Amino acid sequence: MSDTHRQVRQPLAIFYALFFSLVGCNAPYWGPYLQSLGFDYGAIGSAIAAFSLIRIVAPMLWAHWSRHFQTPLHMARIAGLLTAVCFSAIWWVDGFWPVVGVMLLYGFFWSAMLPQYEVLTMQAIANSLEDYSRIRLWGSVGFVITVALLGWLFEYISVQWLPVIMLVLMLGVVINSWRLTRISTGQAPTGDGAGSSIWKLSGRWPVMAFLLVNLLLQVSHGPLYTFFSIYLEENGYSSASVGLLWALGVIAEVILFWRMRWLLRWLSLRHWLLASLAMTALRWLLIAAFPQQVWVLLLAQVSHAFTFAMLHAVCIRYVPVLFAGNQGKGQALYSSAGFGLGGALGAWLSGYFWHLGGEQVFIGAAAVAILALIVAWQGMKIELE
């Protein structure tokens, strides 16, 4: 790898490591943090759903506003700084609505960063999925280290220290953004597509199927991201064990990103999409049926390599094909439909139905994943190289 490529890819890899370390704080431990503040299950689900809702609107708004920024990187820098500033208000609020207000405020800016960096990364590597996987895997490394360390740390200190750790990581993202100077010069903002209207493209059936699949996929992940840690603790697992189970899934994710070139020789991207959606449904069924069987949970967590990593990598590759000439807006729409609307619905539905029992909620998640598989099978028949 040349020095120029290294100077571009290293800061991108560091961004993914820091950003997904934040996700490693948020996904497993924000629910227990809210629980430590006295929130009940319904309030936890509603708060996390509200945080996901802001991810519906924010990416599209930021993509629209991108014309006012010199480059996507300038926009990402401002969003990163405002994320940290807004999040720091978490120490000054108390009660459900004030806490949710802070979550919405910092989430609005936090949601702007990843779509911009995804586009910057794909531009830097000329849409190479293999190169993308080698950079993106550092996000998985950051996630797994953070989850494992926090699982151990929270055995000794209160989970209420979580916001301090998150703020430090946010400041790291801001500092690292100033190392990305080489890919900020001469690049058009992500909102300036020269192709067909984004809304006309969205009306095509393959595009609608793509967005619906990602929406359903994230709905099915709702119980995992909102209540999996609580579910494990209810079944007798310690905080350290919870952290290790989360970490195992992401270790599998890292391995998949690293060996993706080998896997792509076996099946096409479309077939990997279908196979991974089937594995997603199976994962939720295993978690629902065998929460006391450690080896089954280990198997379910290893499947995260396909239920997240493979699916995300395939979808990232679909974006420039389905949204030709509008890659930035397409990336934002992908994020809004899946991680935004799908994540919000998944979190809210999980909280609403959790009183029925975690097993029933994960069975429902499996049904949603099967529906996503049917939509993908019928609607996403585009084969990619």
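Residues numbered from 1 in each chain as written. Predicted model: local features only at pLDDT ≥ 70, side-chain atom pairs only at ≥ 80, totals over all residues. Heavy atoms only, no water.

Notes on the packing of helix 2 (residues 41-65) against helix 4 (residues 96-124)
What counts, and what does not: Under this scheme, a helix contributes an axis fitted over its contacting stretch, all axes are lines through C-alpha atoms, and angles between N-to-C directions fall in the 0 to 180 degree range. Secondary structure elements follow DSSP: runs of H or I no shorter than four residues count as helices, runs of E no shorter than two count as strands, and numbering proceeds from the N terminus. Crossings are classed by handedness, with left-handed meaning an anticlockwise turn of the near helix from the far one by less than a right angle and right-handed meaning a clockwise turn.
With their axes 7 Å apart at the nearest point, helix 2 and helix 4 run at an angle of 40 degrees to one another. Crossing handedness for the pair helix 2 and helix 4: right-handed.

Some remarks on empty space enclosed by the protein
Spelled out, the test is: Cavity and pocket criteria rest on a 1 Å grid covering protein atoms alone: a 1.4 Å probe that fits but cannot get out defines a cavity, protein on both sides within 12 Å along at least 5 of 7 lines defines an open pocket, and an atom within 4 Å of a point defines a lining residue. Grid points are joined across faces, edges and corners, and a volume is the space filled by probe spheres set on the points. Polar here means any residue outside two lists: the nonpolar Ala, Val, Leu, Ile, Met, Phe, Trp, Tyr, Cys and Pro, and the charged Asp, Glu, Lys and Arg; Gly therefore counts as polar.
For the structure on display, the rule yields 6 cavities of 30 Å³ or more. Roughly 520 Å³ of internal volume is contained in the largest cavity. Of all the secondary-structure elements, those providing two or more residues to the lining of the largest cavity are helix 1 (3-36), helix 2, helix 4, helix 5 (129-153), helix 9 (222-234), helix 10 (239-258), helix 14 (304-322) and helix 15 (327-353). Sorting elements by how many residues they give to the lining of the largest cavity places helix 1 first, with 6 residues. A per-class count over the lining of the largest cavity returns 15 nonpolar, 11 polar and 3 charged.

Looking at the pattern of salt bridges
Convention followed: By definition here, a salt bridge exists when the distance from a side-chain nitrogen of Lys or Arg to a carboxyl oxygen of Asp or Glu is within 4 Å. Each residue gets one of three labels from its accessible area relative to the maximum for its type: buried under 20%, exposed over 50%, partly exposed in between, using a 1.4 Å probe on protein chains only.
Tallying each qualifying case throughout the model produces 2 salt bridges. Two residues, D131 and R9, come together in a salt bridge whose shortest N-O distance is 3.8 Å. One end of the pair, D131, is in helix 5; the other, R9, is in helix 1, with 122 residues separating them in the sequence. Among the ionic pairs, E253 bridges to R136, the shortest N-O distance being 3.6 Å. Within this pair, whereas E253 is found in helix 10, its partner R136 is found in helix 5, the two being separated by 117 residues in sequence. Judged by its relative accessible area of 3%, E253 falls in the buried class. The exposure class assigned to R136 is buried, which follows from its relative accessible area of 1%.

Digging into the side chain of T83
Spelled out, the test is: Definition of a polar contact: a pair of N or O atoms within 3.5 Å, with one able to donate and the other able to accept a hydrogen when the atoms are protein atoms, and with sequence-neighbouring residues admitted only if both atoms are side-chain atoms. Contacts: residue pairs with any heavy atoms within 4.5 Å of one another.
Considering the arrangement of structural elements, one finds T83 in helix 3 (residues 72-87). From its side chain, T83 meets the backbone oxygen of A79 in a polar contact 2.7 Å long. In this structure T83 touches Y106, F109, W110, M113 and M170, once residues within four positions along its chain are discounted.

Looking at the confidence of the model for the protein chain
Note the threshold: Note: pLDDT gives the predictor's confidence per residue, expressed from 0 to 100.
Of all residues in the protein chain, 90% attain a pLDDT of 70 or more, and the chain-wide mean is 84. This stretch, residues 184-195, has a pLDDT under 50; its non-local contacts, to residues over four places away or in other chains, come to 31 contacts.

Some details on the side chain of H304
Tracing the backbone through its elements, the reader meets H304 in helix 14. Side chain to side chain, H304 and E253 meet in a polar contact 3.0 Å long.

A few points about helix 6 (residues 162-177)
Selection criterion: Given a helix with a known number of residues, its expected span is that number minus one, times 1.5 Å.
Its 16 residues place the ends of helix 6 23 Å apart at the C-alpha level, agreeing with the 22 Å of an ideal helix rising 1.5 Å per residue. What helix 6 keeps buried is the set L162, P163, M166, L167, L169, M170, V173, V174, N176 and S177.

Looking at helix 9
We count it as follows: To obtain the bend at a residue, axes are fitted to the seven residues ending there and to the seven starting there, and the angle between these axes is taken.
Relative to the 18 Å expected for 13 residues at 1.5 Å per residue, helix 9 spans 18 Å between its end C-alpha atoms, a close match to the ideal helical length. At F228, helix 9 is bent by approximately 60 degrees, the largest bend along its length. Across the 13 residues that make up helix 9, a large majority, 10, are buried. Along helix 9, the residues that are buried comprise G222, P223, L224, T226, F227, F228, S229, I230, Y231 and L232.

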